[in-house]
Amino acid sequence: MNQNIVIGVDVGGSHIICSAIDMEKLQVIPDTTYSSKINNKASKNNVLENWANVINETISCLPKIEKINIGFAMPGPFQYKSGIAMFENNDKYENLYNVSLPEELPKFLNGSNFEFRFLNDATSFGVGVACMGKAKECEKVIAITLGTGFGSCFINKGIPQVNESDVPEGGCLWDKPFKDGIADDYFSTRWFVKRYFDLSGIELEGVKEIVSINNEFSKNVFFEFSNNLAKFLGPVIKAYKPDVVVLGGNISNASDKFIPELKKLLKKEGLETEFVVSNLMEEAAIIGSAKLFDANFWENVKNDLPLK
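Residues numbered from 1 in each chain as written. Predicted model: local features only at pLDDT ≥ 70, side-chain atom pairs only at ≥ 80, totals over all residues. Heavy atoms only, no water.

So, the overall build of the chain
Just so we agree on the cut-off: The secondary structure listing takes helices from DSSP runs of H or I that are at least 4 residues long and strands from runs of E that are at least 2 residues long, numbered from the N terminus. Here the globule rule is a power law, 2.2 Å times the number of residues to the power 0.38, and the radius of gyration is based on C-alpha atoms. To sort residues, take the accessible area from a 1.4 Å probe on protein chains only and compare it with the maximum for the residue type: under 20% means buried, over 50% means exposed, and anything in between is partly exposed. Only the protein chains shown count as cover for residues, and the accessible areas themselves come from Shrake-Rupley with a 1.4 Å probe. Charge counting treats Lys and Arg as positive and Asp and Glu as negative, with His and both chain ends excluded. Charge coordinates come from a single atom per side chain, which is NZ of Lys, CZ of Arg, CG of Asp or CD of Glu.
Along the backbone of the chain there are 10 helices and 15 strands. At 19 Å, the chain has a C-alpha radius of gyration in line with the 19 Å of a compact globule built from 308 residues. With the C-alpha coordinates aligned to their principal axes, the bounding extent of the chain is approximately 60 × 40 × 35 Å. The proportion of buried residues among the 308 residues of the chain is 53%. By element, 45% of the accessible surface of the chain is carried by carbon and sulfur atoms, the whole surface being about 14600 Å². Positive and negative side-chain charges of the chain, numbering 32 and 40 respectively, have mean locations separated by a distance of 4 Å.

Structure, rendered in structure tokens:
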């Protein structure tokens, strides 16, 4: 087995999945992928132990390595440079608030010599799809994840863009003002559930249920979503001029309900933007996080890692 191996870890709001990555081929090594559901309300030690149990399964597949490098695709708020979790008032992992993962997680891992590096989960997805997925041949990519939250990143020649003049502040979109709140309020599962309830008086669990019911209320919700997304993304696309916009996340599974209208509205603004839906969500995030141990990639991103 190739000795240039990195463990990539994708931490979700209620799950964790990790794999060993062959860094020469930038591919998941067969039979090294493990996952588990996680109780995000559990105590600090319980969460860390359950994360470690999954990572230890992947570690057990590796040849003897002097130092184990682990890259994490991690949701925010999180201090990506230091590895300190800042989960507070966001309904997940709040018992990890102000916990240093480089200090605390090794207590539960099998081994004694680790190096951890961290990248935002949506950024990890974007890095992954830009080097292995449908955007592989493209230079400028916007990657968007639509699910419990609104994630995004801007990729140019494989590198996330944070401080350039053609990207929003911080290289992300979720916190930017839109209508009566911020973008995350309008491009996430909770908006669909709330809007469907506002129109119909019926509370459904999520987007999948809204799609399956397929009535006038659901059609109106998706029409409104398309219009909101076009209004929000139009100026972003004009500024960045991406070759492609890649969508991931659970809401993107319903892309046929909103992409046609979205493209039509953007075309009226003179934007002939290509949208593709990626089916590589977790694998892309795992590979994107592992790329933190690619020397050239790390040199380009280490000084721009967001503090939250």
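Focus: the nonpolar core
Selection rule: Only buried Ala, Val, Leu, Ile, Met, Phe, Trp, Tyr and Cys residues count toward a nonpolar core, and they belong to the same one when joined by side-chain atoms within 4.5 Å. Residue contacts follow a heavy-atom distance rule, with two residues in contact if any of their heavy atoms lie within 4.5 Å.
By size, the foremost hydrophobic cluster in this structure holds 65 residues, and its most contacted members are Trp51, Ile70, Phe72 and Met74. Beyond its immediate sequence surroundings of up to four residues, Phe72 is in contact with Val9, Val11, Ile55, Leu105, Phe116, Arg117, Phe118, Leu119, Ser289 and Leu292.

Section: the pairing of strand 9 (residues 140–146)
The criterion, for reference: Pairing between two strands is assigned when DSSP locates at least 2 bridges connecting them.
Of all 7 residues making up strand 9, 7 are buried, and the element is well covered by its neighbours. Residues Lys140, Ile142, Ile144 and Leu146 line one face of strand 9 and the alternating positions Val141, Ala143 and Thr145 line the opposite face, and both faces are buried. Pairing analysis gives 7 bridges linking strand 9 to strand 10 (residues 150–156), with the strands arranged antiparallel. In the sheet register, Lys140 faces strand 10, and the bridge partner there is Asn156. The antiparallel hairpin formed by strand 9 and strand 10 contains 3 residues in its connecting segment.

A closer look at the packing of aromatic side chains
Rule in force here: Classification of ring pairs uses Phe, Tyr and Trp, with its six-membered ring standing for Trp, and accepts pairs whose centres are within 6.5 Å; under 30 degrees between planes counts as stacked, over 60 as edge-to-face, and the remaining range as tilted. Should the NZ of a Lys or the CZ of an Arg lie within 6 Å of a ring centre and within 35 degrees of the ring normal, that charge is described as sitting over the ring.
The tally for this structure, following the rule as stated, stands at 23 aromatic pairs. Look at Phe178 and Tyr186: their rings are 5.2 Å apart centre to centre, the planes differ by 85 degrees, and that puts the pair in the edge-to-face class. The exposure classification of Phe178 matches that of Tyr186, with both residues buried. Ring geometry for Phe192 versus Phe222: centroids 5.1 Å apart, planes at 55 degrees, classification tilted. One end of the pair, Phe192, is in helix 5 (residues 189–200); the other, Phe222, is in helix 7 (residues 216–240), with 30 residues separating them in the sequence. No difference in accessibility class separates Phe192 from Phe222, as the two residues are buried. Through pairs of rings, three or more aromatic residues link up here, namely Phe150, Phe178, Tyr186, Phe187, Trp191, Phe192, Phe222, Phe225, Phe232 and Phe258. Sitting above the plane of the Trp298 ring, Arg117 keeps its charged end 4.1 Å from the centroid. The ring centre of Tyr240 lies 4.1 Å from the NZ or CZ of Lys140, which sits over that ring.

Observations concerning the layout of surface pockets
This is how the line gets drawn: With a 1 Å grid spanning the protein atoms alone, the term cavity applies to any set of points in which a 1.4 Å probe fits but cannot get out, the term pocket to an open set with protein on both sides within 12 Å along at least five of seven lines, and the term lining residue to any residue with an atom within 4 Å of a point. Grid points are joined across faces, edges and corners, and a volume is the space filled by probe spheres set on the points.
Volume-wise, the second largest pocket comes out at about 180 Å³. What lines the second largest pocket is simply Lys179, Asp185, Tyr186, Arg190, Trp191, Lys194, Arg195, Asp198, Glu224 and Asn228. Broken down by secondary-structure element, the contributors of at least two residues to the lining of the second largest pocket are helix 4 (183–186), helix 5 and helix 7. In terms of residue count, helix 5 provides more of the lining of the second largest pocket than any other element does, 5 residues in total.

A few points about the environment of Val162
Summarising the element assignment, Val162 is placed in the loop between strand 11 (159–160) and strand 12 (177–178). The residues contacting Val162, other than those within four sequence positions of it, are Val167, Pro168, Gly170, Gly171 and Asp304.

Side note on the packing of helix 7 against helix 8 (residues 259–268)
Two measures define how a pair of helices packs: the angle their axes make with one another and the distance between the axes. Quick reminder of the rule: Angles run from 0 to 180 degrees between N-to-C directions of axes, and those axes are lines fitted to C-alpha atoms, restricted for helices to the stretch in contact. Each angle gets one of four labels, with under 35 degrees taken as roughly parallel, over 145 as roughly antiparallel, 65 to 115 as roughly perpendicular, and the rest as oblique. Left-handed describes a crossing whose near helix is turned anticlockwise from the far helix through less than a right angle; right-handed describes the clockwise counterpart.
Close contact between helix 7 and helix 8 brings their axes to 9 Å; oriented N to C, the two are set at 45 degrees. One way to sum up the angle between helix 7 and helix 8 is to call them oblique. Read as a crossing pair, helix 7 and helix 8 show a hand that is right-handed. Here Phe223, Ser226, Asn227, Leu229, Ala230, Gly234 and Ile237 of helix 7 come into contact with helix 8, specifically with Glu261, Leu262, Leu265 and Leu266.

What about the side chain of Ser19?
As a reminder, the rule being used: Throughout this description, a polar contact denotes any pair of N or O atoms lying within 3.5 Å of each other; where both atoms belong to protein, one of them has to be capable of donating a hydrogen while the other can accept it, and for residues adjacent in sequence the pair is counted only when both atoms sit in side chains.
Take Ser19: it is sitting in strand 2 (residues 15–22). The exposure class of Ser19 is buried, given its relative accessible area of 2%. A distance of 2.6 Å separates polar atoms of two side chains, one belonging to Ser19 and the other to Thr33. Not counting chain neighbours up to four residues away, the residues in contact with Ser19 comprise Val6, Ile7, Gly8, Val28, Thr32, Thr33, Thr58 and Ile286.

Re the sheet that holds strand 15 (residues 275–277)
Spatially, 11-10-9-14-15 is the arrangement adopted by the 5 strands of the open sheet, whose pairing is mixed. Among the strands making up the open sheet, the edge pair consists of strand 11 and strand 15. Where strand 14 (residues 244–248) and strand 15 come together, 3 bridges link them in parallel fashion. Directly across from Val245, in strand 15, lies its bridge partner Phe275. Sheet contacts for helix 3 (residues 121–132): strand 9, strand 10, strand 11 and strand 14; angle to strand 10, the most-contacted strand, approximately 45 degrees.

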